[in-house]
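Chains, contacts and geometry: an overview
Read off the chains here:
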Amino acid sequence: PAFMKTKADGFGLGFRAGLLWEPTDWFSLGLSYSSAMKINLAGRTNIKLFGLDLGTDSFDTSVTFPARLGTGIAIRPTDDWLVAFDVNYYDHSQTDSIDFNFDFLPIIRQKMEWEDNWSVHLGVEHQLNQNWTVRTGAAWMQHAVPKTTTNPIIPDGDGWCVGVGLGYQKENWSIDLAYLYAWVERDVEQSRDHLVPGDYKVEVDVV
């Protein structure tokens, strides 16, 4: 019977660093690191009970986006073909909970208990001519949200995605168009340890 509508804005800082080694014209090896980014948020929540507006309350909280460590290789068998593969590790385990510190309401602690996870990516690019390039790729990412805290707001699970792209370049100008389709399926069994059991399916289209 209770509904809460929340809006918040925040700001955070992070950094990214990388190394690239190209021993030959056809092979390169890369290493990159993105720091964790803590976003301090401030906002307001509107509260309704049985449809009756009870007013608003201000709050502050913080959300930490994970650090990421990645490595990858790129192979160019010919001048017009490129094959790339990379692996990424995400430090999600520091997202243990999120505390909403209200001015008047009691503190609400949202249990997260996220876990570190991995992703792997494979991509192929082919330059048709001086102006046109086509691309395709696939990726897999391990879940970060455990079954104990999986819920419909963040329906996480091991997922796949595939994508295609087209690029046009002339002199100093380029235009790129890409489409990505991703899907996740996960069964969270009935258990007193599972917050919201059920069959989860997610489909994502990105243009």
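Residues numbered from 1 in each chain as written. Predicted model: local features only at pLDDT ≥ 70, side-chain atom pairs only at ≥ 80, totals over all residues. Heavy atoms only, no water.

Taken together, the eight bridges between strand β3 (residues 27-34) and strand β6 (residues 67-75) define a ladder with antiparallel strand orientation. Along β6, the bridge assignment pairs Y33 with L69. If you look at the hairpin formed by β6 and strand β7 (residues 81-91), you'll find five residues sitting between the two strands. (Pairing = 2+ DSSP bridges. Helix = DSSP H or I, 4+ residues; strand = E, 2+ residues; numbered from the N terminus.)

The next thing to look at is a nonpolar patch on the surface. A cluster of nonpolar side chains, contributed by W21, L29, I73, V83, F85 and L122, occupies part of the molecular surface with about 510 Å² of accessible area. Tracing the chain through its elements places W21 in strand β2 (residues 16-21). (Patch = residues over 30% accessible without salt bridge, like charges linked within 9 Å, V, L, I, M, F, W, Y side chains within 5 Å. Areas by Shrake-Rupley, 256 points an atom, 1.4 Å probe, with all protein chains shown as cover. Salt bridge = Lys/Arg side-chain N within 4 Å of Asp/Glu carboxyl O.)

Phi is positive for F50, which is not a glycine, with a value near 50 degrees. Positive phi is not limited to glycine here, since E113 has a value of about 55 degrees. Mapped onto the elements of the fold, E113 is located in the loop between β9 (108-111) and β10 (117-127).

Moving on to the sheet that holds strand β13 (residues 173-188). On the basis of which strands lie adjacent, the open sheet formed by nine strands has the order β2-β3-β6-β7-β10-β11-β12-β13-β14 and antiparallel pairing. Strand pairing shows two members of the sheet lacking a second neighbour, β2 and β14 (198-206), which therefore form its edges. Strand-to-strand twist of the sheet, defined as the mean angle between neighbouring strand axes without regard to direction, takes the value 10 degrees. Note that strand β12 (residues 159-170) and β13 share twelve bridges and pair antiparallel. Residue pairing in the sheet places C161 in a bridge with A182 of β13. (Axes fitted to C-alpha atoms, helices over the stretch in contact; angles between N-to-C directions.)

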